[in-house]
Structures are given as C-alpha cells and as structure tokens.
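# An overview of the molecular structure
Here are the chains, one letter per residue:
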Amino acid sequence: MRTPNSNIILGIDIGGTGIKGAPVNVKTGALTEERFRIETPHPADPHAVTNVVAQIAKHFHYKGPTGITFPAIVKNGIIHSASNVDKSWINVDASKFFHRHLGGPVTVVNDADAAGIAEMRFGSGVGRHGVVILLTFGTGIGSAIFCDGVLLPNTEFGHLKIRGKDAELRASERIREKKNMSFKKWSGIVSGYLAELENLFSPELFLIGGGISKKADKFLPYLTAKTKIPIEAAKMQNDAGIIGAATLAKIRS
Ligand code: BGC
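Residues numbered from 1 in each chain as written. Predicted model: local features only at pLDDT ≥ 70, side-chain atom pairs only at ≥ 80, totals over all residues. Heavy atoms only, no water.

Scanning the chain from terminus to terminus reveals 8 helices and 15 strands. Against the globule reference of 18 Å for 253 residues, the chain gives a C-alpha radius of gyration of 17 Å, in line with a compact fold. Burial status across the chain gives 55% buried among its 253 residues. Sequence-distant contacts, at least 24 apart, represent 64% of the contacts inside the chain between residues at least 6 apart. (Helix = DSSP H or I, 4+ residues; strand = E, 2+ residues; numbered from the N terminus. Rg over C-alpha atoms; globule rule 2.2 N^0.38 Å. Buried < 20%, exposed > 50% of the residue type's maximum accessible area, 1.4 Å probe, protein only. Contact = heavy atoms within 4.5 Å.)

Right, dumping it as structure tokens:
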C-alpha cells in the first residue's frame, strides 16, 4: 500500500487496554482508513506486544516506515521505565525489536509526546506559542511540554507527587473510574496538580488529552488554572498518539 516517499505512514498506539493503528496522511493529520484495534495482551511482554503490532501492520498490508507510541520513557528507541507495562520491557531496544517483525524503519516515541506532536501540528496547539503543556489522562498521566512548538521529550509529569503520591495514582482516568469519583471531585484534584505545574513552568496553555478528552464537557467547566491561562481539550482525542507517531516517523524517515 506504500509508494516511495509516500505521505501515508502507519501509526500505532500501544496502550494499557488496547493497541490501535491506522495509516495517516502526515500532511493533513487525517487517518486514511478506519483504525484497527486489538486488546493489549496479558502479560504485555515484548513478544506478545510485537505480535499484535505485526498483526496491525498486516491488517493494512503495510510495509514502510512506522511510528509507534509506548507508555514509558523512550530514548533512541530504548525503553527506560515501565510504570504501566510489563517490567521485561526495561532496556529493550523497542525500535529494533519491532523493526525485525515489521521490515521497515520504526520510530518509537513516548505516548504523550506523540499526542503532543499531533496536537501542536494539527489540533488544539496550532499557532500557540510559548510554553504549552499537554497532559493525557488514561491508565496513567502522560505529559508533553513544548516551547514555541519544540518538544522537550520524556517529561513524565504523571510522576510528580500530589500529597506524597504519584499524581497518576491520584488523578488518572483509571483511578477516577476505579474510585467512582465525580468529575467535579476529580477536577478539584487536577486543578491542584495544574497549579503545581504552573508554579514550575509558567505555561501559556494547558491541553487535556487522553481517554478523558472525549468527555471534556463534563470536566472543563470545573477545571481552574492558578493564573487564569486557558485550559482546553485536546482535539484529536484517541487518535492523537497514532497521528503523532506517524508524523514523527515521517520526519525521521
Ligand atoms: C508513564 C509515561 C506515560 C504515561 C501515560 C506513565 O505511567 O510513565 O511514560 O506517558 O503513563 O501513558
């Protein structure tokens, strides 16, 4: 399905509950086919996950550069942390591992960084200058920080402490659901967390993404920022990871 120098690149998003992929037109940020999703295997070790990733590429008859998100610290394709994934990933060169099964070159990127790249290029971050912080609320809390559109990768703000405990253990969407917390109550906790980030980074804009972003009307009215900067929902919702990973794979290919 791929011609040389094509602007159609496969993006795959590895999440705690599902692994989804779709070909992306990296000029427009649009998915060119309906996304294909397979449940995340358990345990989600390198072999099991790679098997699913290969099935997704096969589904689209795709061979070529591929962008893949991963919910951990990723440096030069190597996985350096494993908060919400199988510990056997630590120190694995994921880009080499996936490449062996996919054929084409593979770019692996932190999931929130990929979502941020998609939002800055095609979504709510377009034309926004200064410091922009995107937070994704899902199984964990992911973060991406940009200054004038340039990403500082692997920021891991989900592990900042709220009252002595990792923020993602108090305020991820998984915890909100598990504790049956109302959006109002959850927004109170998140507003405190945003205030902490404002103290540290003085952003111009917060973008809220991840699984929760499709319910923006339920929580945006309750979220407050300390210095009254805008807090907006990320536009690309659950496709952001796929689009950002594909975009980065194109830049690097
Ligand atoms: C991980 C991050 C990831 C975030 C969202 C955190 O537990 O440490 O790397 O971006 O979850 O998936």
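With that settled, the discussion passes to the environment of Ala171. For Ala171, the location among the structural elements is in helix H4 (residues 167-171). Ala171 gets classed as buried once you look at its relative accessible area, which sits at 0%. For the pair formed by Ala171 and Val190, sequence separation is 19 residues and the distance between their alpha carbons is 6.5 Å.

Before going further, it helps to examine the packing of helix H3 (residues 111-122) against helix H8 (residues 240-252). At a minimum axis separation of 7 Å, H3 and H8 run at an interaxial angle of 85°. It follows that H3 is roughly perpendicular to H8 by the angle criterion. Packed against H3, whose contacting residues are Ala114, Ala115, Ile117, Ala118, Glu119, Arg121 and Phe122, the element H8 presents Ala240, Gly241, Ile243, Gly244, Ala245, Thr247, Leu248 and Ile251 at the interface. For the contact of H3 with H8, the residue count by class is 10 nonpolar, 3 polar and 2 charged. (Axes fitted to C-alpha atoms, helices over the stretch in contact; angles between N-to-C directions. Parallel < 35°, antiparallel > 145°, perpendicular 65-115°, else oblique. Nonpolar A, V, L, I, M, F, W, Y, C, P; charged D, E, K, R; others polar.)

A word on the nonpolar core. In a soluble, globular protein the nonpolar side chains are often hidden away together inside. Among the nonpolar cores identified, the biggest contains 53 residues, and Val53, Phe70, Trp89 and Phe98 are the most heavily contacted of them. Per-element tally for this core: the top contributor is H8, with 7 residues. When residues of this core are sorted by domain, at least three fall in each of domain 1 (8-113 + 240-252) and domain 2 (126-235). For Val53, the contacting residues outside a window of four places in its chain are Ile12, Ile14, Ile19, Ile68, Phe98 and Leu102. (Core = buried A, V, L, I, M, F, W, Y, C linked by side-chain atoms within 4.5 Å. Domains from an automatic or database assignment.)

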